[in-house]
Structures are given as structure tokens and as C-alpha cells.
Amino acid sequence: MVLALKKTGEKRIDPARLEKHPIVDPAEQESFYITLKDAIKREWFVRVRYFQEADLNQLVLAPFEYPEVYQGMGQIEKLDVVPLEMDIVTQEILFKDVFGTIYPIQFNDLVDIELL
């Protein structure tokens, strides 16, 4: 007897949990920049909250819903990581977690940074 199982490795997203990109105060963004520079220099562990745009292909939608309605929406994610480097031109920051996984995050997607 052969049994076929569907692999459920993909993370499905509920559209009711999506939100628009939060607006961060420019003074607070400057504080993020200073904190990141210090954390990179001293290899500090930080907790980063950032906005991650949702993949429209992973949304669980009703048959009458259009995925284009949710364009540009996403969720706030949280990571405990060490910042490695910051590229001033692309405004991309590389973070590394305790398992060695590297996460590239855009500076304008940062919502909060907290030193641990």
C-alpha cells in the first residue's frame, strides 16, 4: 500500500493578522543607527523588531478575495541577534543568530532595537 502525504513545510499566513508598514519617527531611526553602530563595534546581542512583507502566494484566502488587496502588508517579526555589518549605500544590515543563520534586514524596516 502506498500512502502519499502532503508536505506542509510552507508557512501559511492568515490575512487578518496582516498590517501596514509602521511609520517610525526620524529621531528614533537616528537612535537605531547609533545603537547599531555601537552593537556592531562591541558585538552586542540585540532584540530586533522589524516589518516583514507577506508573500502573497502564502496567504490563506477565501475564493472571492484578491491577493492584490494585501500588497505591501506584512507582520512584525522579532529576532534576538548580533549585528555583523551595515551597508550605508543599500541600507541593509546583516544580523546573525545563535545558530549561525544570517538575516539581511533593510534599515527602514526596523521598528525597534533593544540591547540585551
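Up top is the structure.
Residues numbered from 1 in each chain as written. Predicted model: local features only at pLDDT ≥ 70, side-chain atom pairs only at ≥ 80, totals over all residues. Heavy atoms only, no water.

> I tried to follow the side chain of D109 on my own but got confused; where do I start?
Here D109 lies in the loop between β4 (102-106) and β5 (110-115). Buried within the structure, D109 lacks any salt-bridge partner; R49 is the closest side chain of opposite charge, at an N-O distance of 13 Å. Beyond its immediate stretch of four places on either side in the chain, D109 contacts H21, R49, Y50 and F51. (Helix = DSSP H or I, 4+ residues; strand = E, 2+ residues; numbered from the N terminus. Buried < 20%, exposed > 50% of the residue type's maximum accessible area, 1.4 Å probe, protein only. Lys, Arg positive; Asp, Glu negative; His and termini not counted. Salt bridge = Lys/Arg side-chain N within 4 Å of Asp/Glu carboxyl O. Contact = heavy atoms within 4.5 Å.)

> Explanation requested: the nonpolar core in the structure shown.
Counting residues in each nonpolar core, the largest one holds 16 residues, and the members touching the most others are L36, V46, V48, I93, F95 and L110. Of all elements in the fold, only α1 (26-42), β1 (46-53), β2 (74-87), β3 (92-96) and β5 reach the threshold of two or more residues within this core. When neighbours within four sequence positions are excluded, L110 is seen to be in contact with V24, F32, L36, V48, R49, Y50, I93 and I105. Within the second largest apolar cluster, six residues are counted, among which are L18, A54, Y70 and M73. (Core = buried A, V, L, I, M, F, W, Y, C linked by side-chain atoms within 4.5 Å.)

> I keep staring at α1 and nothing clicks. Help me out?
Note that an α-helix has 3.6 residues per turn; residues three or four places apart therefore point the same way. In this model α1 runs 25 Å from its N-terminal to its C-terminal C-alpha over 17 residues, within 8% of the 24 Å that 1.5 Å per residue would give. Residues of α1 that are buried include every one of F32, T35, L36 and A39, and no others. The arc that holds the buried residues of α1, viewed along the axis, is 105°, so those residues lie on one side. Across from the buried face of α1, at angles greater than 90 degrees, the exposed residues are P26, E30 and K41. In the core, the buried residues of α1 are packed alongside β1, β2, β3 and β5. After α1 finishes, the residue E43 shows a positive phi value of roughly 55°. (Expected span 1.5 Å × (residues − 1). Arc of directions from axis to C-beta.)

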